[in-house]
Amino acid sequence: MTRAQTTPTPTRVGPGPTTFSPGGIGESVRRPDGVPKVTGEFEFSSDMRLDGMLWGATLRSPHPSARIWSMDLSRAEAMPGVRAVLTHEDVPGRKVYGMETPDQPVLAWDRVRYQGEPVALVAADHPETAKRALGSIRVDYEVLDVVSSAEEALAEGAPELHPSGNLLRHVRIRHGDAEAAEARAEVVVRGEYEIGMQDQAFLGPESGLAVPDGRGGVDLYVATQWLHVDQDQLAESLGLPHDMVRLTLSGVGGAFGGREDLSMQVHACMLALHTERPVKIVYDREESFYGHVHRHPCKMRYEHGATRSGELVYVRASLVLDGGAYASSSTAVVANAARFACGPYRVPNAVLDAYVAYTNNPPCGAMRGFGAVQTCFGYESQMDKLAEKLGMDPIELRLRNAMKEGTRLPTGQKIEGPAPVAELLEKLREMPLPEGPGGGTRDLRELPGGVSNTTHGEGVVRGVGYAVGFKNVGFSEGFDDYSTARVRLSVTDDGPLVEVHTAAAEVGQGLVTVEAQIARTELGVEKVSVLPADTRVGSSGSSSASRQTYMTGGAVKLACEAIRRRLFETVAERHGEDPEGLALENGSVVSDGRFVVALDEILGAEPIEETVVHRHVETFPLDEDGQGDADVTYAFSAHRAVVDVDVELGLVRVVELATAQDVGKALNPQAVEGQIEGGTAQGLGLALLEEIQVRDGRVLNASFTDYLLPTILDMPPVRTEILELADPGAPYGLRGVGEPPNISTPPAVVAALRDATGRELPRMPVRPEALVGIADGPPRRRPQPGSAGYGTLGSLEERRDQ
Amino acid sequence: MRLSCVVNGEEREAENVWEGESLLYVLRERLGLPGSKNACLQGECGSCSVYMDGVIVCSCLVLAGQAEGREIVTVEGLAGEGGLHPVQEAFLETGGVQCGFCTPGFVVATHDLLSRNPGPSDAEIREALAGNLCRCTGYEKILDAVRLAARRMSP
């Protein structure tokens, strides 16, 4: 088997037999790109090649904070096989970029602000030549003091990273009258919590191929989440009009937020325009850790006041997020953290302050859950603490305060449509618990640590924990959030064909499947082809914020409806039918089930094409008290974690994760389950394994050897209950699906660990040393059966006594 | 150097191979077989898994020169004339594919597992696939795929 190597064929599988997987919405339709993905023929961004192509590479700063005095490129330039060596002086247009705040240098000039910041570029015939050329570049750095935490950055007299100061944004929310409420609080719990820096760790590395067009413009084939925001920034930094910077989505190997910002895009285009040859850049895994933003580390201080019967009276919270060296989407992340800081509960009074600061740590930005992940760990830890103090079952406490339709958030925004917090918790409570650790017949592989566990399980304790979380769907705070879809209905030799063209990024989530399902359902046509995503059609916005099925799916639906209207007008005219009674089924127009005319006949040689822009309801910025209808809608999920902890060795086995989630409408049930299971796995990773460890601005574990992702041995079975409570404002009533599982999993796992160990565990990921009390002080109490109100199992010893 | 080996049943040659290149690099960049993937390049993720003389290896950890005269089978070589291999079919059907970057490695590793152990227990499946990372699926549907393929392939 050989492959054509001459053209950078767009990745999305075009028209062809594999494209047509039958099935409309509500069915578990197969992916149209599935066959090439299982045969290895699907072309990811790192797979593209062209004859005469060069390899681009990036020189990165070894220092988290330094001044650049000079650079000597001469040895690199003289190296055989090296075709270009570029620095900031070669950036044709704006020398900085950024989605919201353009504060990040395309290539550093005068200062570097984080370890791994790009400094120079090389293009060479072979990747090894490029790598050696990078090694021969001499940069004269003067190492400067490192601002290594957000607290340090916000302290008096801290060195300033940017002229605007180190405070990137402060979001202040004042709701009700917390001071007056304090008097009514009979029980108060306080806690401090911390969350480490998680990485998206998508498997397909940052990569793309830039192809100069010979007329001063460039075509970029790239793995990204949002083609048009890349195009905007590329046009600025390349100093070119938009129509000379054309982007096509190539195969994307996962994203999870980490591809929202630019990585190699401008660099590859600069090298291609400079050398007048195609240039491919592919990061290796270490570079990938430096090449994209991460989830914000966050420190949280909480105070919850409640009545003795468990009614929340007020919440005070102070959240400090580490934004790293550049803005990325930090200003939006911190606002999410603030808006959802009280959780999906009725909280009549709240004082919330969230800060994000510049530091010399790796830049942080979007990752699945976007600010809501951090605070869910905070408020759910608090709810458990409060339940314990009240001697109440933690589910009862949550049910008592559960948000419902009509509840007002601390921003004053009223929840429209179902908010099934109580229903989700009830569903979880109804699910049977997995069997306990099995006595003498226990398989060694089922011990925490597996066969590496050196004991016979005598220190193994089971714990159970619950958590519920929520977040916004779509972009908030007045952002003009829209998606464009172009749909064309035509007749081919094989009958009617629908072509769907959008710029929305398929990143693995299955958007291409859903787009085809919608078109099939709306137009009653079996053959639907989803065209490659590119910038020849209007923006679809980002594949993020759980928004793409809602926004682009909604745009496809509207475009199909527009086509249907035009078609029915023609049918009404020519066949004297009432257009109101017409429908499309199996390639025909019908009226009350009666055949009227075949699509082939009515369309003839004249296709119908419609391009439609779909906007969600208007949202509004927060005012100075953090009040405003900032969000479109919300999505909710709850998790129950069952863990076995070896309390002597600090080893954990997650026995089961159960979850209930409201998805409004499951357009593709199998894909919905896939999102829930995948998000749950990333949540388990955050709770137990995943942290980019940063010391004095330096990353200690930029590899898959040292940054631990959950393997198939770490992931337990996931028991899933899907609710479909229609969101009245959404296409088909659907809600976003992707992010919620990542929000409610981590606190559920940590709650289960607390249940098993009796320790406070205020920080995640929870390390073995914290579980055995080395990092966390002695246990507050001995574990008691059912002590936290959850499980019925305590330590083995206690169970023997029973 | 010049490299000769049999890949997916065909004699293949690559010219001007630099001695430091991995088998993965040669497959992807010189032989037009990018199905084997480059997620970690240090033997942690399994996305580059291929057979070398019938033994599954991480091709990123094999120097190209070590493949001289050997027989390599990549994910591109698993589907037969009649269509997809049952393992590939099962991954498609159960939803074991999302972004697909890990899929070639999982398909090869599952193919290997089922050729050694046609009726694996869940614990055996987990053990056999513990060297393959997936970031999208949470592995649940991958387990479904392996179970389904095993059922279909058993006589």
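Residues numbered from 1 in each chain as written. Chains lettered and ligands numbered in written order. Predicted model: local features only at pLDDT ≥ 70, side-chain atom pairs only at ≥ 80, totals over all residues.

(A) Layout of the overall build of chain B. Secondary structure summary: chain B contains 5 helices and 5 strands in total. When the helices and strands of chain B are read in sequence order from the N terminus, they spell out β-β-α-β-β-β-α-α-α-α. Expected size for 155 residues packed as a compact globule is a radius of gyration near 15 Å; at 15 Å, chain B falls within 12% of this value. Split into buried and exposed, the 155 residues of chain B put 61% on the buried side. (Helix = DSSP H or I, 4+ residues; strand = E, 2+ residues; numbered from the N terminus. Rg over C-alpha atoms; globule rule 2.2 N^0.38 Å. Buried ≥ 20, exposed ≤ 12 C-beta atoms within 10 Å, placed from the backbone.)

(B) Quick look at the overall build of chain A. Per the secondary structure count, chain A includes 19 helices and 31 strands. In terms of overall dimensions, chain A is globule-like: its C-alpha atoms have a radius of gyration of 27 Å, near the 28 Å expected for 802 residues. Its C-alpha atoms put chain A at 80 × 80 × 60 Å along the principal axes. The burial tally for chain A puts 60% of its 802 residues in the buried class. Within chain A, residue pairs in contact and separated by at least 24 positions form 79% of the contacts whose partners lie at least 6 positions apart. (Contact = placed C-beta atoms within 7 Å.)

(C) Examining the confidence of the model for chain A more closely. Summary statistics for chain A give a mean pLDDT of 93 and a share of 93% for residues scoring 70 or more. Low pLDDT, under 50, characterises residues 1–18 of chain A; the stretch is placed with 43 contacts to residues that sit more than four places away or in other chains. (pLDDT = per-residue confidence, 0-100.)

(D) Seen up close, the pairing of strand β13 (residues 245–249) of chain A. Residue and element names in this part refer to chain A. The buried count for β13 comes to 4 of 5 residues, which makes it a mostly enclosed element. As defined by bridge partners, strand β12 (residues 218–222) adjoins β13 across 5 bridges and the pair is classed as parallel. Each residue of the ladder has a partner; that of leucine 220, found in β13, is leucine 247. (Pairing = 2+ DSSP bridges.)

(E) Representation of the domain arrangement of chain A in the model. Residue and element names in this part refer to chain A. One can read the domain layout of chain A as domain 1 (54–145 + 201–289), domain 2 (150–199 + 294–375), domain 3 (425–466 + 632–801) and domain 4 (482–615). The interface is formed by 16 residues belonging to domain 1 together with 14 residues belonging to domain 4. Residue assignment for the side of domain 1 that touches domain 4 shows that the elements contributing at least two residues are α6 (227–238) and β13. Of the residues assigned to the side of domain 1 that touches domain 4, the class counts are 7 nonpolar, 7 polar and 2 charged. (Domains from an automatic or database assignment. Nonpolar A, V, L, I, M, F, W, Y, C, P; charged D, E, K, R; others polar.)

(F) Expanded view of the nonpolar core. Residue and element names in this part refer to chain A. Membership of the largest hydrophobic core comes to 306 residues, with the highest contact counts inside it found for Val122, Cys269, Leu319, Leu321, Val643, Val749 and Leu753. Ranked by the residues each element gives to this core, the list is headed by helix α14 (residues 548–575), at 10 residues. Discounting chain neighbours no more than four positions away, the residues touching leucine 321 are Ala150, His296, Cys298, Val333, Val334, Ala337, Ala354, Tyr355 and Val356. (Core = buried A, V, L, I, M, F, W, Y, C linked by C-beta atoms within 7 Å.)

(G) Here's a closer look at the interface of chain A and chain B. In this complex, chain A contributes 52 residues to the contact, which on the side of chain B involves 46 residues. Counting only elements with at least two residues in the side of chain A that touches chain B, the list comes to α1 (34–39) and α16 (669–688) of chain A. Among the elements that make up the side of chain A that touches chain B, the one with the highest residue count is α16 of chain A (7 residues). Among the residues forming the side of chain A that touches chain B, the class breakdown is 19 nonpolar, 20 polar and 13 charged.

(H) Region of interest: the UniProt feature "domain: Aldehyde oxidase/xanthine dehydrogenase a/b hammerhead" (unreviewed entry) in chain A. Residues annotated by UniProt as "domain: Aldehyde oxidase/xanthine dehydrogenase a/b hammerhead" (unreviewed entry) correspond here to residues 39–145 of chain A. For residues 39–145 of chain A, the end-to-end C-alpha separation is 51 Å, with 14% helix and 36% strand making up the annotated structure. (UniProt positions renumbered as here; feature names shortened; annotations may be inferred.)

(I) Main features of the environment of leucine 709 of chain A. In this fold, leucine 709 of chain A is placed in the loop between β29 (698–699) and β30 (718–723). Placed 18 residues apart in sequence, leucine 709 of chain A and glutamate 691 of chain A show a C-alpha to C-alpha distance of 9.5 Å. Residues contacting leucine 709 of chain A, with those up to four places away along its chain left out, are Ala201, Gly685, Leu689, Glu690 and Phe704 of chain A together with Leu133 and Arg135 of chain B.

(J) Structural context of the domain arrangement of chain B. Residues and elements named next belong to chain B. For chain B, the assigned domains read domain 1 (3–76) and domain 2 (86–153). Between domain 1 and domain 2, the contact holds 13 residues from the first and 11 residues from the second. Of the residues contributing to the side of domain 1 that touches domain 2, the split by class is 6 nonpolar, 5 polar and 2 charged.

(K) Quick look at the packing of α16 of chain A against helix α17 (residues 740–757) of chain A. All names here are of chain A. For the pair α16 and α17, interaxial distance at closest approach is 7 Å and the crossing angle is 40°. On the basis of the axis angle, α16 is oblique to α17. As for how α16 packs across α17, the hand of that crossing is right-handed. Across the interface between the two elements, Ile676, Gly679, Thr680, Gln682, Gly683, Leu684, Leu686, Ala687 and Leu688 of α16 pack against Pro741, Asn742, Thr745, Pro746, Val749 and Val750 of α17. Considering only residue class, the contact of α16 with α17 consists of 9 nonpolar, 6 polar and no charged. (Axes fitted to C-alpha atoms, helices over the stretch in contact; angles between N-to-C directions. Parallel < 35°, antiparallel > 145°, perpendicular 65-115°, else oblique. Left-handed = near helix turned anticlockwise from the far one by under 90°.)

(L) Region of the structure containing the sheet that holds strand β5 (residues 71–73) of chain B. Residue and element names in this part refer to chain B. Within the open sheet, the 5 strands sit side by side as β2-β1-β5-β3-β4. Their pairing is mixed. Edge strands, defined here as strands with exactly one partner in the open sheet, are β2 (10–14) and β4 (55–58). Ignoring which end each strand starts from, the neighbouring axes of this sheet average 40° apart. Relative to β5, strand β1 (residues 3–7) runs parallel, the two sharing 2 bridges. Each residue of the ladder has a partner; that of valine 6, found in β5, is glutamate 71. Lying over the sheet, helix α3 (residues 103–116) contacts β3 (49–52) and β4, oriented at roughly 45° with respect to β3.

(M) Quick peek at the sheet that holds strand β9 (residues 167–175) of chain A. Residues and elements named next belong to chain A. A sheet is described by the order of its strands in space; here 6 strands give the open sequence β9-β17-β16-β15-β10-β31, paired in mixed fashion. In this open sheet, the two edge strands, each paired with only one partner strand, are β9 and β31 (763–764). Of the strand pairs in this sheet, strand β10 (residues 187–195) and strand β15 (residues 298–306) are connected by 9 bridges, and their pairing is antiparallel. Its bridge partner being in β15, tyrosine 193 is matched across the sheet by methionine 300. Along the sheet, helix α9 (residues 330–339) contacts β9, β15, β16 (312–324) and β17 (350–358); its crossing angle with β9, the most-contacted strand, is approximately 25°. In the packing of helix α10 (residues 372–390) onto the sheet, contacts are made with β10, β15, β16 and β31, and the angle to β10 comes to roughly 145°.

(N) Local environment of the environment of asparagine 38 of chain B. Within the secondary structure layout, asparagine 38 of chain B lies in the loop between α1 (23–30) and β3. With residues up to four places along the chain from it excluded, the contact list for asparagine 38 of chain B reads Ser46 and Pro205 of chain A together with Leu24, Arg28 and Cys48 of chain B.

(O) View of the packing of α10 of chain A against α17 of chain A. Residue and element names in this part refer to chain A. Across the interface, α10 lies against α17 with an axial gap of 8 Å and an inter-helix angle of 35°. In terms of crossing hand, the pair formed by α10 and α17 is right-handed. Along the contact surface, α10 presents Ala372, Val373, Cys376, Phe377, Glu380, Ser381 and Asp384, while α17 presents Asn742, Ile743, Ser744, Pro746, Pro747, Val750, Ala751 and Arg754. Taken together, the residues that form the contact of α10 with α17 break down as 9 nonpolar, 3 polar and 3 charged.

(P) Geometry of helix α13 (residues 511–523) of chain A. Residue and element names in this part refer to chain A. Helix length check: α13 (13 residues) gives 18 Å between terminal C-alpha atoms against 18 Å at 1.5 Å per residue, within 8%. With 13 of its 13 residues buried, α13 lies for the most part within the structure. Backbone geometry just after α13 places glycine 524 at a positive phi near 60°. (Expected span 1.5 Å × (residues − 1).)

(Q) Quick look at α1 of chain B. All names here are of chain B. The buried fraction of α1 is high, at 7 of 8 residues. Among the residues making up α1, those that are buried are Leu23, Leu24, Tyr25, Val26, Leu27, Arg28 and Glu29. Two residues or fewer past α1, glycine 32 is found with a positive phi of approximately 65°.

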